[in-house]
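Next come the chains, spelled out residue by residue.
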Amino acid sequence: MLIPTAELHIHIEGTLEPEMLVQLARRNQVPLPTYDVEELRARYRFGDLQAFLDLYYANLQVLRTAEDFHDLAAAYLHRAASRGVRRAEIFFDPQAHVNHGVPLEAVIEGLTAGLAEPTDQPVSTDLILCFLRDLGPEAAGEMFRAALPFREHFIGIGLDSAEVGHPPAMFREVYAAAAAEGLHRVAHAGEEAGPDYVWEALDVLGVARVDHGIRAMEDAALVDRLRADRIPLTVCPLSNVSLRTVDTMADHVLPAMLDENLVVTINSDDPAYFGGYVDDNYAAVKAQLGLSDTHLRTLALNSFDACFAPEADRERWKSEVRATFAGLGPGSSLT
Ligand code: ADE
Ligand code: ZN
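Note that this is a predicted model, so its numbers are computed, not measured.

What the eight strands build is an open sheet, ordered 1-2-3-4-5-6-7-8; its pairing is parallel. The sheet is open, and its two edges are formed by strand 1 (5–11) and strand 8 (264–266), each paired on a single side. Along the sheet, successive strands turn relative to each other by an average axial angle of 25 degrees, direction set aside. By the bridge criterion, four bridges tie strand 5 (residues 184–189) to strand 6 (residues 209–212) in an arrangement that is parallel. Bridging from a neighbouring strand, A187 pairs with V210 of strand 6.

What follows is the structure, given as structure tokens:
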């Protein structure tokens with residue numbers, strides 16, 4: 001049985017599976033170091049965030065046309081539908097594509113069309129435009145202005161890429177401009193960098209959610225703040241293990257976050273690279289952190305509380321979660 005969930009931390013570019021990488025490379029005549037899918041997958045071992053980002057950006061070169069973005073988004077949508085996702089708030093990195101010469105229009109229209117495809121089980125989706133923090137605040141402002149004509153195609157902004165050395169406060173202007181546009185604001189913080197980045201994301205950027213945020217647990221005053229303001233954290237356990245921000249799953253702070261009554265959620269980040277989609281992340285934390293079904297229920301309910309969908313939808317999905325867990329007999333299991 002599948003857990004109904006909202007996935008709030010998923011980079012559409014991080015769903016580029018090796019099979020599609022090869023298909024798009026051939027379609028667009030983009031050379032790859034190998035066309036062997038297993039060999040490509042074997043390269044998905046990372047020492048840290050930067051090692052992952054190097055491969056992630058290199059692979060993005062195969063995405064050239066609106067059709068490519070359509071196919072990427074549609075493939076994710078169908079996979080999400082089959083794995084219990086009811087709501088997905090999906091990051092995309094337009095600067096990476098525009099810097100490869102792809103028109104912004106092709107990126108946004110392709111993704112939007114792919115996400116509009118019908119699925120057996122409906123998935124509510126919206127896009128969140130992310131700025132690459134290592135390209136700096138001027139480039140972020142330029143991208144924001146270029147994206148404004150497509151305003152109706154995204155609901156919010158985010159901040160991703162290499163974290164350390166690129167603190168949230170650098171982006172105060174573009175976040176203020178996004179707030180004035182009525183856009184939701186989120187940011188990666190506390191993935192590799194410390195709690196100070198999470199404070200800045202909250203106090204300077206005014207984010208409604210923190211992406212990752214695991215290092216917030218090092219600062220008791222910050223934990224108090226996150227709990228008091230019910231700021232959701234979009235935690236990505238398989239990503240954290242894969243990028244070695246934690247040594248092993250057994251060392252993950254997720255149980256401590258639940259004990260602290262934080263609004264913590266489970267997400268996949270870049271599932272093609274980190275060994276699993278959102279349901280695989282639930283299964284991993286259950287198996288390797290010993291979380292109970294009650295914990296999993298809380299995590300799923302949190303995901304709908306934390307999402308930006310209308311209240312009526314959130315309540316409907318939460319009822320579905322409650323019914324799913326109520327239907328569990330003794331000895332049966334969800335994952
Ligand atoms: N871009 C894609 N995945 C990311 C991650 N985990 N951290 C920062 N930037 C990213
Ligand atoms: Zn991420």
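Glancing now at empty space enclosed by the protein. Where empty space is left becomes clear once a probe the size of a water molecule has been rolled over the atoms. If you walk through the whole model with that rule in mind, you get one cavity of 30 Å³ or more. Size it by volume and the largest cavity reaches roughly 100 Å³. Contributing to the lining of the largest cavity are 14 residues, with H11, F52, L53, S161 and H188 lying nearest its centre. Broken down by element, the lining of the largest cavity gets its largest block of residues, five residues, from helix 3 (residues 49–59). In the lining of the largest cavity, the residues fall into five nonpolar, four polar and five charged.

Before going further, it helps to examine unusual backbone geometry. In this model, R230 sits at a positive phi of 50 degrees, which is unusual for a non-glycine residue. Structurally, R230 can be placed in the loop between helix 10 (220–228) and strand 7 (233–235). Not every positive phi belongs to a glycine, and D269 is a case in point at roughly 70 degrees.

In this section: the pairing of strand 1. Most of strand 1 sits inside the fold, with seven of its seven residues counted as buried. As defined by bridge partners, strand 1 adjoins strand 2 (residues 85–92) across five bridges and the pair is classed as parallel. By the bridge assignment for strand 2, T5 is matched with V85.

About the thresholds
- Residues numbered from 1 in each chain as written.
- Chains lettered and ligands numbered in written order.
- Predicted model: local features only at pLDDT ≥ 70, side-chain atom pairs only at ≥ 80, totals over all residues.
- Heavy atoms only, no water.
- Pairing = 2+ DSSP bridges.
- Helix = DSSP H or I, 4+ residues; strand = E, 2+ residues; numbered from the N terminus.
- Axes fitted to C-alpha atoms, helices over the stretch in contact; angles between N-to-C directions.
- 1 Å grid on protein atoms, 1.4 Å probe; cavity = no way out; pocket = protein on both sides within 12 Å on 5 of 7 lines; lining within 4 Å.
- Points joined across faces, edges and corners; volume = space filled by probe spheres on them.
- Nonpolar A, V, L, I, M, F, W, Y, C, P; charged D, E, K, R; others polar.
- Buried < 20%, exposed > 50% of the residue type's maximum accessible area, 1.4 Å probe, protein only.

No statement about biological role is implied by the geometric values presented.
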